[in-house]
Amino acid sequence: MSDTTASIPYAIETVGLTRSFGGYRALRGVDIRVGAGEILAVFGPNGAGKTTLVKILAGIMRPTAGSVLINGVELGDNARLRAGIGLVAHSSYLYGSLSAQENLDFYARLYGVKAREKRISEVLEMVGLTVRRHDRFATFSRGMQQRLSLARALLHNPSVLLLDEPETGLDQQALDSLWQIIRWDEEKRTVVFTSHNFERALGVCSAVVILERGRVAFSERACNLDLSTLRQRYGESAGAVKP
């Protein structure tokens, strides 16, 4: 959701987004709009469609119906647009037997990153893992693994960053580090993240969407919400969407 004027394309826009798995509809006509540089928080109970939404936005899952537009252009199989998206998901997409440096070098080659060594050093410093660059990924704590996943997602300097419940399993220090990186990112990327943490999410996002049974039950600018109102709206959303 955004106040972006009609003459400027949204960084991310979904139109009638639907996804079915057999007879089960995970998403049912989802419309969201996110302006360039905005941060959208997506809430919803388990099974509401949050992960499905992120996968479709990332281009790794096709919608059954509807479309995703990135800067006004349909995502589809557009390799150029997909290359401009970074993803932190439940899976790290990193290799346990490789070091942090080796993992990032693999993806840097895959993304065609120029000046690979320089960029790898930049993202490792950004996530606070410079001193562990030669250690195997399998030896990292959950928090360190998540930080390296973020480094991988930022490696190719994407304009859009997608985060699917990035806080899962992290301790307080790792949480603070994660959100500091995202909030103070000089690139001002467009970010969509899913979460169950109302307080922390409200502190970093520009707008909020609540999904319930695959539909948007509530959406609002973050500046118009306080924590108690958000919690109230979340509680009410359970009855806002019919099965």
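One structure accompanies this document, and this report is about it. All of these numbers come straight from a predicted model, not from anything done at the bench.

In the structure shown here, the tally under the stated rule is six aromatic pairs. Considering the side-chain rings of F43 and F198, the 5.1 Å spacing of their centres and the 50° angle between planes classify their relative orientation as tilted. Here F198 lies in helix 7 (residues 198-204) and F43 lies in strand 3 (residues 39-43), a separation of 155 residues in the sequence. In terms of burial, F43 and F198 fall into one category: buried. Taken together, a centroid distance of 5.7 Å and an interplanar angle of 85° make the contact between Y95 and F106 edge-to-face. Of this pair, Y95 sits in the loop between strand 6 (85-88) and helix 3 (100-111) while F106 is found in helix 3, placing the two residues eleven residues apart along the sequence. Judged by its relative accessible area of 40%, Y95 is partly exposed. By way of ring pairs, the aromatic residues Y95, F106, Y107 and Y111 are connected into one cluster. Between R19 and the ring centre of F21, over which it is positioned, the NZ or CZ distance is 4.6 Å. The aromatic ring of Y107 is capped on one face by R152, whose charged end is 5.8 Å from the ring centroid.

For helix 4 (residues 116-126), every residue scored as buried is listed here: R119, I120, V123 and L124. Each buried residue of helix 4 lies within a common arc of 135° when the element is viewed along its axis, so the set occupies one face. Seen from the open side of helix 4, the exposed residues pointing more than 90 degrees away from its buried face are K118 and E125. At the C-terminal side of helix 4, G128 shows a positive phi close to 70°.

Next up on the list: the nonpolar core. Formed by 46 residues in total, the largest nonpolar core has its most connected members in L148, L150 and F193. When residues of this core are assigned to domains, at least three map to each of domain 1 (1-83 + 160-169 + 194-243) and domain 2 (85-157). Core analysis: the next-biggest nonpolar cluster, separate from the first, contains 28 residues, L27, M61, V160 and A207 among them.

This brings us to the sheet that holds strand 4 (residues 65-70). As a general point, the strands of a sheet are linked pairwise by backbone hydrogen bonds and lie either parallel or antiparallel. With respect to topology, four strands assemble into an open sheet ordered 2-1-4-5, the strand pairing being antiparallel. One side of each edge strand has no neighbouring strand; the edge strands of this open sheet are strand 2 (24-34) and strand 5 (73-74). The pairing of strand 1 (residues 12-21) with strand 4 spans five bridges and is antiparallel. By the bridge assignment for strand 4, V15 is matched with S67. Helix-sheet contacts for helix 1 (residues 50-58) involve strand 1, strand 2 and strand 4, and the interaxial angle to strand 1 is about 120°.

Once that is clear, we can look at the pairing of strand 6. Put simply, side chains in a regular strand alternate between the two faces of the sheet. With burial as the criterion, each face of strand 6 is covered, one bearing I85 and L87 and the other bearing G86 and V88. Two strands pair when backbone bridges link them, and strand 6 and strand 7 (residues 160-164) are joined in this way by four bridges, in the parallel orientation. Bridging across to strand 7, G86 finds its partner in L161.

This part covers the pattern of salt bridges. Note on pairing: side chains with opposite charge can pair once their charged atoms come close. Summed over all chains, the structure comprises twelve salt bridges. Residue D105 is joined to R116 by a salt bridge in which the shortest nitrogen-to-oxygen separation is 3.1 Å. Residue D105 is found in helix 3, and its partner R116 is found in helix 4; the two are separated by eleven residues along the sequence. Judged by its relative accessible area of 15%, D105 is buried. R116 sits in the partly exposed class, given a relative accessible area of 28%. For R200, the salt bridge goes to E167, with nearest N and O atoms at 3.4 Å. Linking R200 in helix 7 with E167 in the loop between strand 7 and helix 6 (172-183), this pair joins segments that are 33 residues apart in sequence. Each of D105, R109 and R116 takes part in a single network of salt bridges with overlapping partners.

The end-to-end C-alpha separation of helix 5 (residues 142-154) is 19 Å, in line with the 18 Å expected for 13 residues at 1.5 Å each. Of all 13 residues in helix 5, eleven are buried, a share of seventy percent or more. Those residues of helix 5 that sit buried are G143, M144, Q146, R147, L148, S149, L150, A151, R152, A153 and L154. In the core, the buried residues of helix 5 are packed alongside strand 6, helix 3, helix 4, strand 7 and helix 6.

What counts as what
Residues numbered from 1 in each chain as written. Predicted model: local features only at pLDDT ≥ 70, side-chain atom pairs only at ≥ 80, totals over all residues. Heavy atoms only, no water. Phe/Tyr/Trp six-rings, centres within 6.5 Å; stacked < 30°, edge-to-face > 60°. Helix = DSSP H or I, 4+ residues; strand = E, 2+ residues; numbered from the N terminus. Buried < 20%, exposed > 50% of the residue type's maximum accessible area, 1.4 Å probe, protein only. Lys NZ or Arg CZ within 6 Å of the ring centre and 35° of its normal. Arc of directions from axis to C-beta. Core = buried A, V, L, I, M, F, W, Y, C linked by side-chain atoms within 4.5 Å. Domains from an automatic or database assignment. Pairing = 2+ DSSP bridges. Contact = heavy atoms within 4.5 Å. Axes fitted to C-alpha atoms, helices over the stretch in contact; angles between N-to-C directions. Salt bridge = Lys/Arg side-chain N within 4 Å of Asp/Glu carboxyl O. Expected span 1.5 Å × (residues − 1).

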